[in-house]
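# Tertiary structure, described
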Amino acid sequence: MSESPALPPHMRRAGFDPDPELEALRDGEGVRLVRTPPGIDAWLVTRYEDVRAVLGDAERFSSAQTITFQLPGVRSSAEEIATLRAGNLLAFDPPEHTRLRRILTPEFTLRRIRRLEPRIMCIVEDHLDAMERAGSPADLVSSFALPIPSLVICELLGVPYADRVGFQRRTARLLDVSASTEERRAAQLESRAYMAELVARAQADPGEELLGTLVREHGDLTTDELIGIGGLLLVAGHETTSNMLGLGTLALLRHPDQLELLKKEPDRVDAAVEELLRWLSVVHSSTFRTTTTKAEIAGQEIGPGEPVICALLGANRDPAFLSDPETLDIARGAPGHLAFGHGVHHCLGAPLARMEMRVAFPALLRRFPELREVEPEAHFRSFSFVYGLSSLKVAW
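Quick caveat: nothing in here was measured; it's all calculated off a predicted structure.

With that settled, the discussion passes to the side chain of Ser 242. On the secondary structure map, Ser 242 appears in helix α11 (residues 223-253). For Ser 242, a relative accessible area of 8% puts it in the buried group. Excluding its chain neighbours within four sequence positions, the residues that come into contact with Ser 242 are Ala 145, Leu 146 and Pro 149.

Here it is, written out as structure tokens:
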């Protein structure tokens, strides 16, 4: 294991809150050059309006021109990089991004996701039953927050749920900035090899799951694109929502007034989910963008060809965005938050994530109305690109 890197201000947190340096940067100059974990110096954009402007302008701030698959110390050929980025929507600009997104959008419409609600409810209740049988106390992360989104995305994609331990381990390693380059590279290649096997099976015998549907109905997608699409959806489909469920539960437990309000008025769950998304912002930042021309952000002139990243937590806690941003207030609903990004790369799976949370939080509180935190110190994942908890011991 290599020595843990120094984290940039947008990845440092004080529990739920932004690091004071990030707040000072946002409230001061607004943008600054920082050293990121991949070893790249990038302009960090922190204010709500500036973040919206960057993420909403794919022409001046390109995703395609940024090499996001080159791990530090690894020299991949142009052909290898092209293979690794194929199918990954985060690595393209329109019109190529538009082509891929148009293929996937029908699978993630609100109407399509609503059809999954009964199955999601069943998955949630099954895990609550298992928790109840096992008895108090329990680790909420391993027994509830992590397995529910994993099972949902496995069923949607057509990934064997029995493989979850392997893909969860590889994903955690890929997102861990304290891991060595060799470890992250191995996880990257293992993940791709695993998805290549699943794609090959779907091509041989396409089922009704998403991978089979893509094979059957979109013959223009290459094998590499299918692998890239499957890999991105598998990682994003379980990692972000699981951390929202774990961290969101802890946030409610530590804000008993908000917890009681949600218990008393469960119809507030949609607004509660939006406020938790804003207040927690488990994805620290956008993916890298590269300026295609000279740009000015918060008075700072940035030349063409410069890397830019956006601090989502900084933007979502910006006083210029909404009043009293540091307070968790599930009554307001936080319209316009940037937890799912903005612009052409706004999270494709947002309707699914919202559905899982709006089912899971009330069900957990109904089943265990006396739920409480057991250990005074929560185990935060400080060195991951997606913030969350490694464990959360609870009792009821």
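Our focus in this paragraph is helix α9 (residues 181-204). In this model, α9 (24 residues) spans 35 Å end to end at C-alpha, consistent with the 34 Å of a helix rising 1.5 Å per residue. Residues of α9 that are buried: Arg 184, Arg 185, Ala 187, Gln 188, Arg 192, Tyr 194, Met 195, Leu 198, Val 199 and Ala 202. Its buried side turned inward, α9 meets α3 (78-85), α8 (164-174), α10 (210-217) and α11.

Residue Pro 95 is reached from Pro 94 by a cis peptide bond, and omega for that bond is 5 degrees. Checked against the element boundaries, Pro 95 lands in the loop between α3 and α4 (96-104). Phi angles above zero are rare outside glycine, and Ser 281 is one such case at about 40 degrees. Within the element layout of this structure, Ser 281 appears in the loop between α13 (269-280) and β7 (289-291). If you check the backbone angles, Asp 324 has positive phi at about 50 degrees while not being a glycine. Structurally, Asp 324 is set in the loop between α14 (312-316) and α15 (350-367). Given the relative accessible area of 47%, Asp 324 is considered partly exposed.

Glancing now at the sheet that holds strand β5 (residues 61-62). Here five strands make up an open sheet; going across it, the order is β3-β4-β10-β7-β5 and the pairing mixed. Of all the strands in the sheet, just β3 (31-35) and β5 have a single pairing partner and so form its edges. Pairing of β7 with strand β10 (residues 307-310) involves two bridges; the strand directions are antiparallel. Residue pairing for β10: Arg 289 is matched across the bridge by Val 308. The sheet contacts of helix α2 (residues 48-55) involve β4 (41-45), β5, β7 and β10, and relative to β10 the element is tilted by about 125 degrees.

Conventions we followed
Residues numbered from 1 in each chain as written. Predicted model: local features only at pLDDT ≥ 70, side-chain atom pairs only at ≥ 80, totals over all residues. Heavy atoms only, no water. Helix = DSSP H or I, 4+ residues; strand = E, 2+ residues; numbered from the N terminus. Buried < 20%, exposed > 50% of the residue type's maximum accessible area, 1.4 Å probe, protein only. Contact = heavy atoms within 4.5 Å. Expected span 1.5 Å × (residues − 1). Pairing = 2+ DSSP bridges. Axes fitted to C-alpha atoms, helices over the stretch in contact; angles between N-to-C directions.

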